[in-house]
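Below, each chain spelled out in residue letters.
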Amino acid sequence: MVLSKFLDPKNNYAFKRIFGTEKNKDILVHLLNDILGLTGEAKIKDVKFLNPILNPDIASQKESIVDVLCRDSKGIQTIVEMQVARTTGFEKRAQYYAAGAYFSQADKAP
């Protein structure tokens, strides 16, 4: 067995350390621009990291923890999740995360 001195960025812990920290936010900005195909004025120039724990408004609901939650300088909130393998229910979980993030900012001005 060969051990690498580098962490696999597809590992949840490594992904959060690489893309979810203030000192590496330029890497996240580049990743988002590349994946989303943003160019020119549409490009993300800066992000602010938000608490990745999405607390439910109703106590009986489950709290959700996303890999990275950020807001860009235009006020657009983005959830970044690393998913390597097909997991049953991922689509529904992603919709739930998106709905929670949307709801949490619905009545707030950017």
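The name given to the protein in an unreviewed UniProt entry is Rpn family recombination-promoting nuclease/putative transposase, with the source organism recorded as Trichonephila clavata.

*Asks:* So what about the pattern of salt bridges? Which residues, and what values?
*Replies:* In this structure the tally under the stated criterion is four salt bridges. A salt bridge links Asp8 to Lys10, with the nearest nitrogen and oxygen atoms 3.4 Å apart. Exposure remark for Asp8: the relative accessible area of 39% places this residue in the partly exposed category. Of the charged contacts, one joins Asp67 and Lys16 as a salt bridge, the two residues approaching to 4.0 Å between their closest N and O atoms. Taken together, the residues span a long stretch of sequence, with Asp67 in the loop between strand 3 (64–65) and strand 4 (68–72) and Lys16 in helix 1 (residues 12–19) at a distance of 51 residues. Several salt bridges share partner residues, and in doing so they unite Glu22, Lys25 and Asp46 into one network.

*Asks:* So what's going on with the packing of aromatic side chains? Residues and values would help.
*Replies:* If you walk through the whole model with that rule in mind, you get one aromatic pair. Measuring from centroid to centroid gives 4.8 Å for Phe15 and Phe19, while their planes differ by 40°, and the two rings are tilted. In this pair, Phe15 and Phe19 are both assigned in helix 1, four residues apart and thus about one turn of the helix distant. For Phe19, a relative accessible area of 12% corresponds to the buried category.

*Asks:* Break down the pairing of strand 5 (residues 77–80) for me, citing the residues and quoting the values.
*Replies:* The pairing of strand 4 with strand 5 spans four bridges and is antiparallel. Note on strand 5: the bridge partner recorded for Cys70 is Thr78. Linking strand 4 to strand 5, which pair antiparallel, is a turn of four residues; within it Gly75 sits at a positive phi near 90°.

*Asks:* Go over the sheet that holds strand 4, please, and point to the residues and values.
*Replies:* Read across the sheet, three strands follow the order 1-4-5 without closing on themselves; strand pairing throughout is antiparallel. Bordering the open sheet on either side are strand 1 (47–49) and strand 5, each of which pairs with just one other strand. Sheet twist, expressed as the average angle between the axes of neighbouring strands with direction ignored, equals 30°. With three bridges connecting them, strand 1 and strand 4 associate as antiparallel partners.

*Asks:* Before we move on, can you summarise the nonpolar core with the specific residues and values?
*Replies:* Core analysis: the largest hydrophobic core is formed by 11 residues, namely Phe15, Phe19, Leu28, Val29, Leu32, Ile44, Val47, Phe49, Val68, Cys70 and Val80. Sorting the residues of this core by element identifies helix 1, helix 2 (25–36), strand 1 and strand 4 as the ones contributing at least two each. Ranked by residue count, the leading element in this core is helix 2, at three residues.

Cut-offs applied
Residues numbered from 1 in each chain as written. Predicted model: local features only at pLDDT ≥ 70, side-chain atom pairs only at ≥ 80, totals over all residues. Heavy atoms only, no water. Salt bridge = Lys/Arg side-chain N within 4 Å of Asp/Glu carboxyl O. Buried < 20%, exposed > 50% of the residue type's maximum accessible area, 1.4 Å probe, protein only. Helix = DSSP H or I, 4+ residues; strand = E, 2+ residues; numbered from the N terminus. Phe/Tyr/Trp six-rings, centres within 6.5 Å; stacked < 30°, edge-to-face > 60°. Pairing = 2+ DSSP bridges. Axes fitted to C-alpha atoms, helices over the stretch in contact; angles between N-to-C directions. Core = buried A, V, L, I, M, F, W, Y, C linked by side-chain atoms within 4.5 Å.

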